Amino acid sequence: MNIFGIGLPEMIVILVVALLIFGPKKLPEIGRSLGQAINSFKAGAKEFENEFKREAKQLEEGSQVSQYAPESESEKVVTVSSPTETSQKS
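Every chain is numbered on its own, with residues counted from 1 as its sequence reads. Per-residue local features are limited, in this predicted model, to residues with pLDDT of at least 70; the limit for side-chain atom pairs, both in listing and counting, is 80 or more; totals at the level of whole chains, interfaces and linings are taken over all residues. To get the side-chain values, take all heavy atoms of the structure and skip hydrogens and water.

**Student:** Can you help me understand the overall build of the protein chain in this one?
**Tutor:** Working definition: helices are DSSP H or I runs of at least four residues, strands are E runs of at least two. Numbering for both runs from the N terminus. Of the regular secondary structure elements, the protein chain holds three helices and zero strands. Helices and strands in the protein chain line up, N terminus first, as α-α-α. Buried means the residue's accessible area, taken with a 1.4 Å probe over protein chains only, is under 20% of the maximum for its type, while exposed means over 50%, and partly exposed covers the values in between. Classification of the 90 residues of the protein chain by burial places 3% in the buried group. Only the protein chains shown count as covering a residue, and every accessible area follows the Shrake-Rupley method with a 1.4 Å probe. For the protein chain, the exposed surface amounts to about 8500 Å²; the carbon and sulfur share of it is 63%.

**Student:** Looking at this structure, how should I read a nonpolar patch on the surface?
**Tutor:** Every patch collects residues that have over 30% relative accessible area and no salt bridge, joining them within 9 Å if they carry like charges and within 5 Å if they are nonpolar side chains (Val, Leu, Ile, Met, Phe, Trp, Tyr). What counts as a salt bridge is simple: a side-chain nitrogen of Lys or Arg found within 4 Å of a carboxyl oxygen of Asp or Glu. Residues Val13, Val17, Ile21, Phe22 and Ile30 make up a contiguous nonpolar surface patch of roughly 450 Å² in combined accessible area. Here the nonpolar patch gets four residues from one element, more than from any other, and that element is helix 1 (residues 8-22). Examined against the element boundaries, Val17 turns out to sit in helix 1. Of the residues examined, Val17 reaches a relative accessible area of 41% and is grouped as partly exposed.

**Student:** Would you explain the layout of surface pockets in this entry?
**Tutor:** A probe matching the size of a water molecule, rolled over the atoms, marks out where space remains unfilled. In this analysis the probe radius is 1.4 Å and the grid spacing 1 Å, with only protein atoms considered; a cavity is a set of points the probe fits into but cannot get out of, a pocket is an open set with protein on both sides within 12 Å along at least five of seven lines, and lining residues have an atom within 4 Å of a point. Grid points are joined across faces, edges and corners, and a volume is the space filled by probe spheres set on the points. In this structure, the largest pocket encloses a volume near 160 Å³. Lining the largest pocket are Ile14, Leu15, Ala18, Phe22, Leu27, Ile30, Gly31, Leu34 and Ile38. Elements that contribute at least two residues to the lining of the largest pocket include exactly helix 1 and helix 2 (27-68). At five residues, the largest contribution of residues to the lining of the largest pocket is made by helix 2. Partitioned by chemical class, the residues of the lining of the largest pocket number eight nonpolar, one polar and no charged. Note on residue categories: nonpolar means Ala, Val, Leu, Ile, Met, Phe, Trp, Tyr, Cys or Pro, charged means Asp, Glu, Lys or Arg, and polar means any other residue, Gly included.

**Student:** Is there a simple way to think about the UniProt feature "transmembrane region" (unreviewed entry) in the protein chain in this case?
**Tutor:** UniProt positions are given in the numbering used here, feature names are shortened, and annotations may be inferred rather than shown by experiment. Mapped onto the present numbering, the UniProt feature "transmembrane region" (unreviewed entry) falls at residues 6-23. For residues 6-23, helix accounts for 83% and strand for 0%, while the C-alpha atoms at its two ends are 23 Å apart.

**Student:** Mind showing me how you'd approach the pattern of salt bridges here?
**Tutor:** Tallied over the entire structure, the rule returns three salt bridges. A salt bridge links Lys53 to Glu49; its shortest N-O distance comes to 3.3 Å. Here Lys53 and its partner Glu49 are both found in helix 2, four residues apart, which amounts to about one turn of the helix. With a relative accessible area of 36%, Glu49 lands in the partly exposed category. A salt bridge links Arg54 to Glu51, with the nearest nitrogen and oxygen atoms 2.4 Å apart. With Arg54 and Glu51 both in helix 2 and three residues apart, the pair spans about one turn of that helix.

Here's what the structure looks like:
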């Protein structure tokens, strides 16, 4: 068992020190609070990841649309008559 680079012996030492500092009555409350904090952090990270993916998808869809649509007036088709056509009309 290796969590965050901490092995089983180190975990036991940490738990014994925490038990000595906080006492047996306070330790379950601290564990519960720590678990809630970790769950809250996971939920926030998941929400951030989903938001990031959503924004990336919107940007990707926006760039695909702009590839097919003309971006400026200069890209529109304009018919220009040649000088010989204008002289024939006169």
